[in-house]
Amino acid sequence: MKPIVLLVLCFAIVNCQRNIEPIPKIKIGGIFYDYEFEIEEAFIKTIGVVNGLSEGEFKLEPVSKHLKDSDGSMVIEKYACDLLELGVAAIFGPSSKANSDIVSILSNVTGVPNLLFDAISEENEQQKAGHQLTLNVYPTQLILSKAYADIVHNFGWKKFNIVYDAEDENAPMRLQDILQLRDIHHEAVRVLKFRRGDDYQVLWKGIQGDKRVILDCPPELLVEVLEASIPFDLTGQFNHLFLTNLETPAGALEPLRNNETFTLNITAARLMGKDMENFLNTEFDPNNIDMPTRELLPDLIHDAIMLYFLALKEIASQYMIEEPPTYTCDTLDFNGETQRWRFGEYVNRVMRQIAPLNDTLFHHGRIQFDDAGYRTHFELEIYEPLDNYGLALWNTNGHISSEHVQTNISKKIVYRVATRLGAPYFMEKEEAVAANVTGNGRYYGYAVDLIDEISKEMNFEYVFVPVAGNGYGKYNKETKRWDGIIGELINNDAHMGICDLTITQARKEVVDFSVPFMTLGISILAYQKPVERKSWSAFLEPFQNEVWMYVMASILVISFLYFAISRITVGDWENPHPCNKDPDTVENRWNISNSFWITIGSIMTAGCDILPIHPTMRIFTTMFWIFAIILNNSYTANMAAFLTNSKMESSVNSIADLAGQAEIKFGTIEGGSTYSLFAESNETTYRLAFNRMQGADPPVYTKDNIEGVDRVLKNNGSYMFLMETTTLEYNTERNCKLKMLGDIFGEKHYAIAVPFGAEYRHSLNVAILRLAEKGILPNLKKKWWTNEDTPCEHEELAEKDTPDLTFDNVRGIFYTLYVGVFLAYIIGIIDFLIYSHQVAAEEGLSFKEAFIKEITFVLKFWNNKKPISAAGSSRSASRMSGGSDKSARSLSKSRKLSKSNKSSKSDKSDKSPDASQVEDAMERKSTKSLKSVVIKLK
C-alpha cells in the first residue's frame, strides 16, 4: 500500500512543478518622442490586451525609450543599442520624425524584427537590402500617390491647385502622381508651397478665384491655414477642398464649424477603419453611422503589435519560443560577421505570411507586405471631415465605390438650380411677372415640380436661377469656355442644372449627370395641313366636267343609234304572239325607252331584262359594254384618291426620305444635342442630313425650339424641324397644325447636371429612382404634356395605301340617292293621281271617291292581287311593249261587249235562237281577243 501512495505522491509533485513553471516573458522595445505620449499609451495598452489573449503561452513586457525633438541619429542609435542589450525580441519605432534608418540597420544586423507605424521615404535597392527585418504597417507612399490621383480623377477635376508643406519630405512623394499632371496641364494645374510661420494670406491670394484646392497640411496647422483663406472668398459653398494628410483627425476642423463664411465642400482621405471592439477603450456606439474619432499612428502601432502577437501565437502552437540573445553595439560587426538571431528572422517571415490571412484584431483592415516590407494592401475612405461621415471607398485595385449612408448634415445649404425658360419645363407665371414677384413663386412647370419632389426626398432648400442668354450650354472654341447652364456648373455658380438638358459626351467631359429622369428620341416636326371638307359633288371628281359631258352625250347618242339600228335589223323584229304561227304583224322591242334602258344599265353594270338577238345588234351591244366596263373601272380606281386625303402630300416618311430630297428644307437647334448627333455621327443617313443642313441657304438652324416651331408654321410644309420627341409631343398636343412625322430615332436621356465631384450626386440619383418607383415621374409627364382642354384629333392613318372613307367624303353619293328616290316618288305620286282621275271618269265616281278607293287598296299591304278596272285595262293596253292599235281596240270592244251583255242578260230569252247564236259567237271572239292581249302582257 505504501509504495502505491508514494508513487501517486511523486506524480502529483511532478505535475505541480510543471503547472507552476513560469510563463515566458518576452521584452519588446519602443522608441518614442516625448510628445508622442498617445502613441506610447497605445503601445502599452495594446500589450496589456495582448497578454490577456495569449492564454498563458507567453507574456510581453514593454520597454520604452524617449527621444527629445532635438535628438539626432546618434542618440537614436544609443537607445536602440540599450534595448538590444536588454534582450528585446522586437523594436517598435521610431516615427518618421527621426529621419534616420539606424534602427532598421541594427535590426538587420542582429535579426531582431523592427516594426514601423509611420510614413517613410521610399528607399533605393541598397537601402532595402539593409532593411530586410523591417516591416511598416503604414501605407506605402507610391500607392498613396496613385490613390490620390484616382480620387481626383473621380472628382472630374481638370483645373485645380496643389498646396503642400515644403518642410514635409514625404509630401512630394505621396502627391507625385497628381504633380505629374502639372507637366501635362501646366495651365490648369498649379503647385504652391508654404512653410511654418509664413503669412498664409499671401499663399491664398495667389489662387484667389480658383474653386478647387488639394491641400496637404500637417493637422496642427490646418485650422490656421484655412482661416487665412476666408478673406479671399475661397471658403464659399461653390469651393471644394481635398485634404490628403491621412493623419488629419476627424475633429480637426471643429473650430471652423460655427463660422458662417466657412461653407465650402470639404473631402478628406483616411485609412479605412473597422467597426469592431475598440481595444483602446475609446467610446464607440455601433448604432452611430459616424466613424469613431481615432488617431492614425496610435491605431497603426496597435495593428503592428497585434501582428507581432499573432506571429508569436502561431509559432508557440508548434515550437518553444526562443529568447533573444543580448547584443552590445560595440561588438557588432556590420559586415555580416555577427551571429543573427535566427528565431527573429523566422518571426519576421511568419508575420509576412499571416498578415493577409487574419484581420480580426486590426483596426485598419487586412495587411499585406511586399518583398521590401512595405504595406501594399489597404483601403482609403473618402469622407467629410467636418461632419465625419463617409462618402466613398478606394481600394488598391483603383476602384472607388460609394458608401450608402444616411447623414444628418449640420450645415444648411440652399442649392442654386440653374435652368432656362422653355415650356413645359420652366415657365413664368403671367400674374407673378405682372406683380413683379421674385423667388421660386414666380415659376411653374415640369422642372419646378420635379425639383420640388426631389427636395422632399433629400430634405434641402433650393432657389431657381435662370441663366443669362437662356442657353443649354455651348462650347466657344475661341474663348474656350462654356455658356448657359453648363457654364454655370463649370464655374461652380450653381449646384445643379435642370431643363430639357440632354446627356452628351461633350457635356459629360465637363460636368456630371444624375441618372436620367426621362428617356426620349428625335423625330420630325411637320406642318399639318388643315383637312379640307369635300363638296357634295366630290364623287364626280374622278372625271373632269368635260368627261362627264362626253359620257352623257355618249349615252344619248348610243341610245338613239341603238334605236335606229334595231329598226334596220330584221332579226330583232319578233312575233308578238308566238303561239300564232302565221301572224299578221311583227313588232320591235327596241323602242326609245328600252334603248335608253339598256344603255344606262350597261354603264351602271346593272344589266337589262331584254337582250338583242341578231348578230349586228349583239356586236353593237358588245362594243358598248367594253366601253362601259373600262369607263366604270377607271372611275372606281380614281374615286378613292379624290374622295380622301392622301397620307402625305410629299414622299417624306423618315429621316432617310428627308435627307434624300431637296424640296423641303429642314433644320435643328444650332449647337444643341440634336445638332451634335448629326455632326458627330458616322452613319451615312445622318451625315447626308447634316451636309444638307450645312449647305442650306438661307440657314436652317434656330437658336431654340420656339423659333423652330414658328418656322414650321410659317412655311406651311416647306420646312421641317428635327427636335426631341418630348418637346415635339408637347407642341403637337397644343397646336393642331403640327404633327410628328416618321419613326423615332437617336435615343437620348434627360438628366440633372451637377459639377464634377458633387458629393450630393448619389443622393440625387437615389431620389430620382424613388420617384420613378412611386410613379411620380410618369404622373408629372402626363400632367404637363396632356392637353385635356382642346385635344387635337390627328388623322390616324392605317398601314395601307388609302385611309378609310368618312361621310364627308361620300355624302354626295347619298345626296344623289336621296334626290333620285325623291324624284321617283314625286313621279309615282303624280302618276297615281292621274290614274285615280281616270278611274273616276271610267266608273262615274268623283275624284275623291276614286282616290279613297285606290289609296285604301294601296294601304292593304297584305293583298298583292288587284282586279282590273276599265281604266286599268286601257292604261295597260296603251303601255304594251310594241302593242298594236288593233289589239287595243279589240280589248276595248270586248270590254264594251261584256258590259252590254250584262245589261241585256235578262232579254236573252226573248230573242230568237239565231240572234242568240250570233251574240254567243261575238262573245267568243271578244274573249279570244282578250286572251291574246293577256298573253302579250305576260
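Before going into details, it helps to say that this report is about the structure given with it. (Residues numbered from 1 in each chain as written. Predicted model: local features only at pLDDT ≥ 70, side-chain atom pairs only at ≥ 80, totals over all residues. Heavy atoms only, no water.)

**Observations concerning the overall build of the protein chain**
At step 1: If you tally the helices and strands in the protein chain, you get 31 helices and 29 strands.
At step 2: Out of the 938 residues belonging to the protein chain, those deemed buried represent 44%.
At step 3: Only carbon and sulfur atoms are counted for the fraction: they give 54% of the accessible area of the protein chain, which is about 50,700 Å². (Helix = DSSP H or I, 4+ residues; strand = E, 2+ residues; numbered from the N terminus. Buried < 20%, exposed > 50% of the residue type's maximum accessible area, 1.4 Å probe, protein only. Areas by Shrake-Rupley, 256 points an atom, 1.4 Å probe, with all protein chains shown as cover.)

**As for the pattern of salt bridges**
At step 1: The final tally for this structure, using the stated rule, is 24 salt bridges.
At step 2: The salt bridge involving Asp168 is made with Arg174; its shortest N-O contact spans 2.5 Å. The burial state of Asp168 is the same as that of Arg174; both residues are buried.
At step 3: Notably, a salt bridge pairs Arg196 with Glu220, separated by 2.5 Å at the nearest N-O pair. Taken together, the residues span a long stretch of sequence, with Arg196 in the loop between strand S7 (189-194) and helix H9 (200-205) and Glu220 in the loop between strand S8 (212-216) and helix H10 (222-227) at a distance of 24 residues.
At step 4: For Glu220, a relative accessible area of 52% gives the class exposed.
At step 5: One network of salt bridges, with partners in common, ties together Glu167, Arg196 and Glu220. (Salt bridge = Lys/Arg side-chain N within 4 Å of Asp/Glu carboxyl O.)

**Re the sheet that holds strand S5 (residues 134-139)**
At step 1: Spatial strand order, S2-S1-S3-S4-S5-S11: 6 strands in an open sheet with parallel pairing. At either margin of the open sheet sits one strand with a lone partner, and together these are strand S2 (59-67) and strand S11 (374-375).
At step 2: Sheet analysis places strand S1 (residues 25-33) next to strand S3 (residues 91-92), joined by 2 bridges and oriented parallel. Across the sheet, Gly30 pairs through a bridge with Phe92, a residue of S3.
At step 3: With respect to the sheet, helix H4 (residues 102-110) is in contact with S1, S3, strand S4 (114-116) and S5, its orientation differing from that of S4 by roughly 150°. (Pairing = 2+ DSSP bridges. Contact = heavy atoms within 4.5 Å. Axes fitted to C-alpha atoms, helices over the stretch in contact; angles between N-to-C directions.)

**As for the state of the cysteines**
At step 1: One pass over the structure, following the stated rule, counts 1 disulfide.
At step 2: Disulfide pairing places Cys81 opposite Cys329 at an S-S distance of 1.5 Å. Taking the torsion about the sulfur-sulfur bond, which here is approximately -110°, the covalent link between Cys81 and Cys329 counts as left-handed. Note that Cys81 is positioned in helix H3 (residues 73-85) and Cys329 in the loop between helix H11 (296-316) and helix H12 (342-354), a separation of 248 residues in sequence. You'll find Cys81 and Cys329 in the same group, each marked buried. (Disulfide = S-S within 2.5 Å.)

**Regarding the sheet that holds strand S13 (residues 389-395)**
At step 1: Pairing is mixed in the open sheet, where 8 strands are placed in the order S7-S6-S8-S9-S10-S12-S13-S14. Taken across any chain shown, the strands that pair with only one partner, and hence form the sheet edges, are S7 and strand S14 (400-402). On average, adjacent strands in this sheet sit at an angle of 20° to one another, irrespective of strand direction.
At step 2: In this structure, S8 lies alongside strand S9 (residues 240-243), joined through 4 bridges in parallel fashion. Bridged to Leu215 within S9 is Leu243.
At step 3: Strand contacts of helix H6 (residues 141-155): strand S6 (160-165), S8, S9, strand S10 (265-271), strand S12 (379-384), S13 and S14, with the helix running at about 165° to S9, the strand carrying the most contacts.

**Notes on the environment of Val754**
At step 1: Secondary-structure assignment places Val754 in strand S29 (residues 753-754).
At step 2: When its relative accessible area of 0% is taken as the criterion, Val754 is described as buried.

**Digging into helix H23 (residues 705-715)**
At step 1: Here H23 has its buried residues at Asn705, Gly708, Val709 and Val712. Within H23, the buried residues cover an arc of 100° as seen down the axis, which keeps them to one side. Away from its buried face, by an angle of more than 90 degrees, H23 presents the exposed residues Ile706 and Lys714.
At step 2: Residues of H23 that are buried make contact with strand S23 (518-527), strand S27 (719-724), helix H24 (725-734) and strand S28 (738-750).
At step 3: For H23, the N-terminal capping position is held by Asp704, with its side-chain oxygen 3.3 Å away from the main-chain nitrogen of Ile706.
At step 4: Looking one or two residues past H23, Asn716 carries a phi angle of roughly 50°, positive in sign. (Arc of directions from axis to C-beta. Polar contact = N/O pair within 3.5 Å; in protein donor to acceptor, adjacent residues only side chain to side chain.)

**Let's talk about the pairing of S1**
Here is the key point about a regular strand: its side chains alternate between the two faces of the sheet.
At step 1: Burial analysis of S1 places 7 of its 9 residues in the buried class, which makes it a mostly covered element.
At step 2: Here S1 pairs with S2 via 9 bridges, running parallel. What sits directly across from Gly29, in S2, is Val63.
At step 3: Handedness of the S1-helix H2 (residues 37-53)-S2 crossover: right-handed. (Right-handed = clockwise from strand over helix to strand, strands pointing away.)

**Here's the deal with unusual backbone geometry**
At step 1: Cis geometry is adopted by the peptide bond preceding Pro424, which originates at Ala423 and carries an omega value of -5°.
At step 2: We note that Asn99 has phi near 55°; this positive angle belongs to a residue other than glycine.
At step 3: When you line up the elements, Asn99 lands in the loop between S3 and H4.
At step 4: Residue Asn99 is classed as exposed on the basis of its relative accessible area of 58%.

**Remarks on the side chain of Asp168**
At step 1: Within the secondary structure, Asp168 is located in the loop between S6 and helix H7 (171-174).
At step 2: Residue Asp168 is classed as buried on the basis of its relative accessible area, which comes to 19%.
At step 3: A distance of 3.0 Å separates the side chain of Asp168 from the backbone nitrogen of Asn170, its partner in a polar contact.
At step 4: For Asp168, the contacting residues outside a window of four places in its chain are Arg174 and Asp216.

**Looking at the packing of helix H21 (residues 673-680) against helix H22 (residues 684-694)**
At step 1: Contact geometry of H21 with H22 gives a least axis separation of 7 Å together with a crossing angle of 115°. Of the possible angle classes, the one that applies to H21 and H22 is roughly perpendicular. The way H21 lies across H22 gives a crossing that is left-handed. Across from Tyr675, Phe678, Ala679 and Glu680 in H21, the residues of H22 making contact are Tyr686, Arg687, Ala689, Phe690, Met693 and Gln694.
At step 2: Counted by class, the contact of H21 with H22 contains 7 nonpolar, 1 polar and 2 charged residues. (Parallel < 35°, antiparallel > 145°, perpendicular 65-115°, else oblique. Left-handed = near helix turned anticlockwise from the far one by under 90°. Nonpolar A, V, L, I, M, F, W, Y, C, P; charged D, E, K, R; others polar.)

**Considering a nonpolar patch on the surface**
At step 1: Together, Val819, Phe822, Leu823, Ile826, Ile830 and Ile834 make up a nonpolar patch on the protein surface, roughly 560 Å² of accessible area in all.
At step 2: Checked against the element boundaries, Ile830 lands in helix H27 (residues 807-843). (Patch = residues over 30% accessible without salt bridge, like charges linked within 9 Å, V, L, I, M, F, W, Y side chains within 5 Å.)

**Quick look at the packing of aromatic side chains**
At step 1: One pass over the full model with this rule turns up 35 aromatic pairs.
At step 2: Look at Tyr444 and Trp784: their rings are 5.9 Å apart centre to centre, the planes differ by 45°, and that puts the pair in the tilted class. Of this pair, Tyr444 sits in strand S17 (residues 443-444) while Trp784 is found in helix H26 (residues 776-785), placing the two residues 340 residues apart along the sequence.
At step 3: Residue Tyr444 is classed as partly exposed on the basis of its relative accessible area, which comes to 31%.
At step 4: We classify Trp784 as buried; its relative accessible area is 14%.
At step 5: Measuring from ring centre to ring centre gives 5.5 Å for Tyr446 and Trp785, while their planes differ by 90°; the resulting arrangement is edge-to-face. Note that Tyr446 is positioned in helix H14 (residues 446-458) and Trp785 in helix H26, a separation of 339 residues in sequence. (Phe/Tyr/Trp six-rings, centres within 6.5 Å; stacked < 30°, edge-to-face > 60°.)

**Topic: the nonpolar core**
At step 1: Counting residues in each nonpolar core, the largest one holds 91 residues, and the members touching the most others are Leu60, Phe92, Tyr148, Ile162, Phe242, Tyr308 and Leu380.
At step 2: Broken down by element, the residue count for this core peaks at 14 residues, all from H11.
At step 3: Not counting the four nearest positions on each side in its chain, Leu60 is found in contact with Ile26, Ile28, Ile47, Val50, Asn51, Tyr308 and Leu312. (Core = buried A, V, L, I, M, F, W, Y, C linked by side-chain atoms within 4.5 Å.)

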